[in-house]
Amino acid sequence: MTTDALKMKWDMDVFFPGGSKSKHFEDYRKSISEDLQQVKLTIADLPLELNDDAVKAWRDLMVLIEDLDMRLHHAGSFAFCLAAQDVNDEHATVIIQELSSMEAEIETIKTGVEELAIALDDDQWKNLLADERLKDSLFYWNERRRKARLRMEPKMEKLATKLAVDGYHAWNRLYSKIAGDLRADFEEDGETKTLSMGQLANKMSSPDRDIRRRAFESLEASWKTRDSLAAMELNSIAGFRLSLYEARGWESPVLEPFMLSRVRPETIEAMWKAIAGGLDRITDYIKAKKKLLGIDRFRWYDQNAPVGKVTKTYSYEEASDFVVKHLSGFSKELGDFAAMAIRDRWVEAEDRSGKAAGGFCAGFPAAKQSRIFMTYSGNYNEMMTLAHELGHAYHSWVLRDIGYYGRHYTMALAETASTFNEMLVTDAALGDAVHESEKLSLLDSKVNEHFTMFCNIRARYLFDLMFHDERKRGPVPKDRLNELMVQAQKEAFGDILADDGYHPMFWASKLHFSETEVPFYNFPYTFGHLFASGIYARAKEEGPAFADKYRSLLVDTGRMTCEDVARNNLGVDLTADGFWNEAVGRALEDAGLFLKLAKAGR
Ligand SMILES: [Zn+2]
């Protein structure tokens, strides 16, 4: 292999030489498994009444659990990366299953610690955690205790978790099966192909409106044939969830999702309020876009219609240099890090068959490294993926010396560093763009992202709220689900969508509504996007002087609530309107630039 080709392949042997059949890797997994069995035996014998000996034993155990969890993550990443680089690596798939059952075991062990946590009074608990080895994991364990106290007694919770496997989560698996099996015939260039729902959804980004329309109509019609099943599944998921909440004494359906994201309700309210206030100007952006596209009535399938075109291509080396250069322009550490990651082959970018689709960044905490997976063929979007994933890797990099449980950030903050990198690189590319069409395209993808976060994601949130509210009084029939969905879209999109431009079956076609691990899998997207935009605006104002603040903000993401991260590092109150109005205002400045450029073009 030439060195050039090697440059685009990641180095996995540094972790365990030999891929999925690696002897080192097998030994590593064996030691995790043995320690896991040991911990299980130990915890069964530990008393809930504490004397000095018991305190010491529990602390040792908590340290061991944290270490085990980290090693499991490390091993899991290795197997996951192997499966992605070669979809036919069946051995890797088997290992992934083996590791996920170990993950389930460690979760059970952690509920054992929770049992102790709620049995102790505040002083005893504080005393237990007063150990140098646990200092970075204080937030983590305190949070687990706080949550455990809000739940039913441990015996009941264990039963609920067990029942959820073939109840709650089974409905989600059924949904995936229905969605995965659905197919539709689609004609393009005189050829009829059978497409999956995912492929149809991709067609809705086509520059050809007829293709977008037909893809949408086919998607809506395909789901119509399954609407009774989908309604049953969605009602069962929400029904299970609401019954569990009732047993715990939780009145609001957003209590759990907000807890999972570590945000307060006031924060999310303030965010949506600011967004609703910006709807008029987003509507102006769509009006301008309609003119460019030659569209009179804007419909659901026009949301991702592209304008302008980026024809410029970048070799992997050019893309790497471009990204490194512009990250360095903000922070030397960030740029140096990106250069190191590329040089030391942390990135798998080769364009070849047999690789999984998409891109991701996986952490290898035991080695304090990350690996980025993607396929690079030379276009602009792939350069952005590289920048995006390098953001995730940098986030892990600044956290590398913190105790493992102090690095656990939630979904709401997970995209901060990746979005930030994207913004740096997009603005650089915009500055470099020569052709009007290129500028328009780059600017449009930026503003369109705001549009999606403000309208599409908000519609999902509003639907989930209304649906859960009605579901409390009994199952919601499919026609009513359609009505609620249109109502949510009307509120979130204002006057943007034409009367015949809604997507009533969105509750069925979008998998997020049926997600059971993360209920209300919507607002964290908008939160993350606007939070990163707000930070980026600060970085532009303060320049490289902001780099240290940015770094310390990332370091705090694993051990604080979102509000505390913002207060400590930016001095802002997320529960108040100010930060959000500013962030929305900055996003709308991009929309303003788009309007100017669109006008000048005509
Ligand atoms: Zn990401």
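Residues numbered from 1 in each chain as written. Predicted model: local features only at pLDDT ≥ 70, side-chain atom pairs only at ≥ 80, totals over all residues. Heavy atoms only, no water.

*Asks:* If you had to explain the overall build of the protein chain to someone new, which residues and values would you point to?
*Replies:* Along its length, the protein chain carries 26 helices and five strands. Relative to the globule expectation of 25 Å for 602 residues, the C-alpha radius of gyration of the protein chain, 25 Å, shows essentially globular dimensions. Principal-axis analysis of the C-alpha atoms gives the protein chain an extent of 80 × 65 × 50 Å. Out of the 602 residues in the protein chain, the part that is buried amounts to 54%. Looking at the protein chain alone, contacts between residues at least 24 apart form 76% of all its contacts between residues at least 6 apart. Here the protein chain has roughly 27000 Å² of accessible surface; of this, 51% comes from carbon and sulfur atoms. Positive and negative side-chain charges in the protein chain, numbering 79 and 97 respectively, have mean positions lying 2 Å apart. (Helix = DSSP H or I, 4+ residues; strand = E, 2+ residues; numbered from the N terminus. Rg over C-alpha atoms; globule rule 2.2 N^0.38 Å. Buried < 20%, exposed > 50% of the residue type's maximum accessible area, 1.4 Å probe, protein only. Contact = heavy atoms within 4.5 Å. Areas by Shrake-Rupley, 256 points an atom, 1.4 Å probe, with all protein chains shown as cover. Lys, Arg positive; Asp, Glu negative; His and termini not counted. Charge placed at Lys NZ, Arg CZ, Asp CG, Glu CD.)

*Asks:* I'd like a rundown of the packing of helix α15 (residues 316-330) against helix α16 (residues 332-343), residues and numbers included.
*Replies:* It is at 6 Å that the axes of α15 and α16 come closest, and there the two elements cross at 160°. By the angle class used here, α15 and α16 are roughly antiparallel. For the pair α15 and α16, contact is made by Y316, S320, V324, L327, S328 and F330 and by K332, L334, G335, D336, A338, A339 and I342, respectively. For the contact of α15 with α16, the per-class residue count stands at eight nonpolar, three polar and two charged. (Axes fitted to C-alpha atoms, helices over the stretch in contact; angles between N-to-C directions. Parallel < 35°, antiparallel > 145°, perpendicular 65-115°, else oblique. Nonpolar A, V, L, I, M, F, W, Y, C, P; charged D, E, K, R; others polar.)

*Asks:* Go over the sheet that holds strand β5 (residues 369-373), please, and point to the residues and values.
*Replies:* Picture the strands of a sheet paired through backbone hydrogen bonds; they go either parallel or antiparallel. Within the open sheet, the three strands sit side by side as β3-β5-β4. Their pairing is mixed. The strands lining the two open edges of the sheet, one partner per strand, are β3 (347-348) and β4 (360-364). Sheet topology note: the β4/β5 ladder contains five bridges and is antiparallel. When the sheet's bridge partners are listed, G363 is paired in β5 with S370. (Pairing = 2+ DSSP bridges.)

*Asks:* For the pattern of salt bridges, give the residues involved together with the corresponding values.
*Replies:* Two side chains bearing opposite charge may form a pair once their charged atoms approach each other closely. Under the criterion given, the structure shown has 54 salt bridges. Between D67 and R71 there is a salt bridge, with the nearest N and O atoms lying 3.0 Å from each other. Within this pair, D67 and its partner R71 are both found in helix α3 (residues 52-85), separated by four residues, close to a single helical turn. Between K540 and D427 there is a salt bridge, and its shortest N-O distance comes to 3.6 Å. Within this pair, whereas K540 is found in helix α23 (residues 523-542), its partner D427 is found in helix α19 (residues 416-432), the two being separated by 113 residues in sequence. Accessibility expressed as a relative area gives 56% for K540, which makes it exposed. Linked by salt bridges that have partners in common, D69, E107, K110, E114, R144 and R151 make up one network. (Salt bridge = Lys/Arg side-chain N within 4 Å of Asp/Glu carboxyl O.)

*Asks:* How would you sum up the packing of aromatic side chains? Please name residues and give values.
*Replies:* Each aromatic ring pair is specified by the distance between its two centres and by the angle formed by the two planes. For the structure on display, the rule yields 45 aromatic pairs. Their ring planes at 70° and their centres at 4.7 Å tell us that F25 and F78 sit as a pair that is edge-to-face. Here the residue F25 occupies a position in helix α2 (residues 23-45), and F78 occupies one in helix α3, the gap between them amounting to 53 residues. Of the two residues, F25 and F78, neither departs from the other in class, the shared state being buried. Measuring from centroid to centroid gives 5.5 Å for F527 and W580, while their planes differ by 55°, and the two rings are tilted. Linking F527 in helix α23 with W580 in helix α26 (residues 577-600), this pair joins segments that are 53 residues apart in sequence. Across the pair, exposure class does not vary: F527 and W580 are buried alike. Cluster of aromatic residues (ring-pair linked, three or more members): Y285, F298, W300, F451, F463, F467, F493, F506, F513 and F594. Sitting over the ring of F186, R214 keeps its end group 4.7 Å from the ring centre. (Phe/Tyr/Trp six-rings, centres within 6.5 Å; stacked < 30°, edge-to-face > 60°. Lys NZ or Arg CZ within 6 Å of the ring centre and 35° of its normal.)

*Asks:* Describe in detail the packing of helix α4 (residues 90-119) against helix α6 (residues 138-150), supporting the description with residues and values.
*Replies:* At a minimum axis separation of 9 Å, α4 and α6 run at an interaxial angle of 75°. With respect to their mutual orientation, α4 and α6 come out roughly perpendicular. Facing α4, whose interface residues are E107, K110, V113, E114, A117 and I118, α6 presents Y140, W141, R144, R145, A148 and R149. Across the contact of α4 with α6, the residue classes tally to six nonpolar, no polar and six charged.

*Asks:* Let's hear about the environment of L260: which residues, and what values?
*Replies:* Relative to the helices and strands, L260 resides in helix α12 (residues 255-261). A relative accessible area of 36% places L260 in the partly exposed class. If we skip the residues at most four places from it in the chain, L260 touches K147, T410, E517, V518 and P519.

*Asks:* Explain the coordination of the zinc ion residue by residue, including any values.
*Replies:* H388 (NE2), H392 (NE2), E415 (OE) and E415 (OE) make up the full set of protein donors to the zinc ion, lying at 2.1 to 2.7 Å. Every donor counted, the four donor atoms about the zinc ion form angles of 51 to 140° at the centre, which fits irregular coordination. Owing to a relative accessible area of 16%, H388 belongs among the buried residues under this scheme. In this structure E415 comes out as partly exposed when scored by relative accessible area, which is 31%. (Donors = N, O, S within 2.8 Å, 3.2 Å for Na, K, Ca; no water. Tetrahedral: all angles 85-135°; square planar, octahedral: opposite > 155°, others 65-115°.)

*Asks:* Give me the side chain of S418: which residues, what numbers.
*Replies:* With respect to the secondary-structure elements, S418 resides in helix α19. Residue S418 is classed as buried on the basis of its relative accessible area of 0%. For S418, the side chain forms a polar contact with the side chain of H392, separated by 3.4 Å. Excluding its chain neighbours within four sequence positions, the residues that come into contact with S418 are H388, G391 and H392. (Polar contact = N/O pair within 3.5 Å; in protein donor to acceptor, adjacent residues only side chain to side chain.)

*Asks:* Explain the state of the cysteines to me, and be specific about the residues and the numbers.
*Replies:* By the definition in use, this model includes zero disulfides. We note that C562 lacks a disulfide partner, and the nearest cysteine sulfur, in C361, lies 20 Å from it. Relative accessible area serves as the criterion here: at 1%, C562 is assigned to the buried category. (Disulfide = S-S within 2.5 Å.)

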